[in-house]
Amino acid sequence: PGLSCHPGAHPQWDMSGMTAEAREIMAYLKKYNLADQLNVIVNKLCKKRSDDPFGFLASRLHQLAAPPVITKVEGREILSSEATPAVQVDVYCKVDDSVKFISRGTTSAPDPSADGKSSEVDGDAKWYRGLGVKQAVTTINEVIHSNMGGLEPKDQIKCDEMLLKAGKGKLGASALSATSVAICKTAATLAKLEHYQHVAKLIDSDSKTSRPLTVPRPLMELIAGGVCGSSLAFPSILAYPLKTEPFKNQLHMCSTMHHFLGETIASKFGDQFRTTTGSGSFVAPVAELGEALKLIQESAAAAGITLGEDLAIAVQAGPWKDGYVVKVKDKAKSVEEMIEFYTGVVKEFKEIAMLIDPLSRDDLESWGKIQESIDADEDMKGRTIEVMGDKIETEARNTFCIERSQTVSDIIKAFTSGAKSKSTCLVAENGATDTFGADLAVGLGATYARFGGPRGQNVALYNRLLQIADAL
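A quick note: this is a predicted structure, and the numbers were derived from the prediction, not measured.

Draft legend 1. Spotlight on the overall build of the chain. Counting secondary structure elements, the chain contains 14 helices and 14 strands. With the principal axes as the frame, the chain shows a C-alpha extent of 100 × 50 × 45 Å. Of all 472 residues assigned to the chain, the portion counted as buried reaches 48%. The long-range share in the chain, meaning contacts at least 24 apart out of those at least 6 apart in sequence, stands at 62%.

This is the structure we're talking about:
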């Protein structure tokens, strides 16, 4: 009563004769300028004469709604792909005047130290052998929840800053990462973007142009060392495609290599060695790096794959804990001896194109000497070996690794820093309970994706990359 609203005219308010309730209603309408706003939308609808008038109204009204804000952060203890406890986090937001579940984030189980312990686990021997994460879940549900309310999930930096502040000294890296990922996925869902698109948007927020997105090359685990049943001192030998071709072809080649290697190892040492590790690698009962590389050569030949042309080999040497021991029970080598060792191995096995942590961080000044030694050999002139580490601390480390053990903002910061030095990015994921790692790798623009061998949850990550490849 008292409201006259017609096209082309401003609403006229007549407050006389109104009840107190009516005046409150009029004040409410005036406060939010509802009459004018609805007038404009209805006029646009009438002009367009949409076949879906209510859909038209809903979309226009949604644009006027208050931005979504976080109302609830809820954690729970779940099992990772390796059947050890991990943290999962749900994020609820107030959207269009109602509270809704939007998205969830998970991460891999906390990584125990060499003594089997981790600051992130509870230590209760009666609950998952001391690997439970109930305390982290409680902290998320009580401390993190009470501090995140009212924040907009689209502001990843602000959310992560609050997360780190509230969780300082109370949450480990895995729980912080799970919460940060949940917020990132929530923002993507609300913006109706794929997760990789949202990650790319976060990186390109300060740029007027967006980067063309591509799917990274698979860096697939083949043989694992340093585990039960293996005398190989090197933690991992991997393969990756050299040719620029569709991702499905690259994945096919790496997976074929993996399958034929399993056949080779089983035929030589028995079917019991067909079983893979948690990361999807085979464990071959060999003691020397050269023996393991010859198994790969034999498997490639059987598969019709040309090493050095179709696939390249990467050798992970570090992290170094007990000196430079390249063969179990052997005497540790000096830095000079290690450089000579790498030069010899690379010369003999021409398919090796990447070394991962070939020397310790204490010997950073010697990393570049590996390439110098290779260049000094007349038979290897012009051959460049890619050197990868977890950080860009020297020009010799031209590839850096990113893992999901930090917040999304910190990951983007690390990527941006590495990109400025024109270094190559590798995203690693192992023991994950979701496929966000695949979206992260694409959104960052990583060159390589190290998701383990094609087993268990790793397959879901590779399948997600196949989906993204089709979309792109």
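Draft legend 2. Region of interest: the sheet that holds strand S5 (residues 98-106). In space, the three strands of this open sheet follow the order S3-S4-S5, with antiparallel pairing throughout. Sheet topology places strand S3 (69-79) and S5 at the edges, where each strand pairs with a single neighbour. Adjacent strand axes in the sheet meet at a mean angle of 25 degrees when their direction is disregarded. As judged from the eight bridges shared by strand S4 (residues 85-95) and S5, these two strands associate in the antiparallel manner. If you follow Cys93 over to S5, its bridge partner there is Lys100. Most of the contacts of helix H4 (residues 134-148) go to S3, to which it runs at about 175 degrees, and overall it touches S3 and S4.

Draft legend 3. Structural context of the confidence of the model for the chain. Scored by pLDDT, the chain has a mean of 87; 91% of the residues are at 70 or more. In this model residues 1-10 is a low-confidence stretch, pLDDT under 50, and it forms 18 contacts with partners more than four residues away in sequence or in other chains. Segment residues 113-117 is flagged for pLDDT under 50; beyond a separation of four residues in sequence, or across chains, it makes two contacts in the model.

Draft legend 4. Geometry of the sheet that holds strand S10 (residues 352-356). If you trace the nine strands from one edge of the open sheet to the other, you get S6-S14-S13-S12-S11-S10-S9-S8-S7, paired in mixed fashion. Both outer strands of the open sheet, strand S6 (217-218) and strand S7 (220-224), are each paired with one neighbouring strand and no more. Across five bridges, strand S12 (residues 399-403) lies against strand S13 (residues 424-428) in parallel orientation. Bridge pairing links Cys401 to Leu426 in S13. On top of the sheet, helix H9 (residues 289-303) reaches S7, strand S8 (236-241), strand S9 (311-316) and S10; it is set at about 35 degrees to S8, its chief contact.

Draft legend 5. Focus on unusual backbone geometry. Across the junction of Gly318 and Pro319, the peptide omega takes the value 5 degrees, indicating a cis bond. With respect to the element layout, Pro319 can be found in the loop between S9 and helix H10 (335-348). A positive phi angle is found at Asn33, which is not glycine, with a value near 55 degrees. The exposure class assigned to Asn33 is partly exposed, which follows from its relative accessible area of 35%. Positioned with a positive phi, Asp96 is a non-glycine residue whose angle comes to about 50 degrees. Along the chain, Asp96 turns up in the loop between S4 and S5. Here Asp96 falls in the partly exposed class, since its relative accessible area comes to 40%.

Reading guide: rules and limits
- Residues numbered from 1 in each chain as written.
- Predicted model: local features only at pLDDT ≥ 70, side-chain atom pairs only at ≥ 80, totals over all residues.
- Heavy atoms only, no water.
- Helix = DSSP H or I, 4+ residues; strand = E, 2+ residues; numbered from the N terminus.
- Buried < 20%, exposed > 50% of the residue type's maximum accessible area, 1.4 Å probe, protein only.
- Contact = heavy atoms within 4.5 Å.
- Pairing = 2+ DSSP bridges.
- Axes fitted to C-alpha atoms, helices over the stretch in contact; angles between N-to-C directions.
- pLDDT = per-residue confidence, 0-100.

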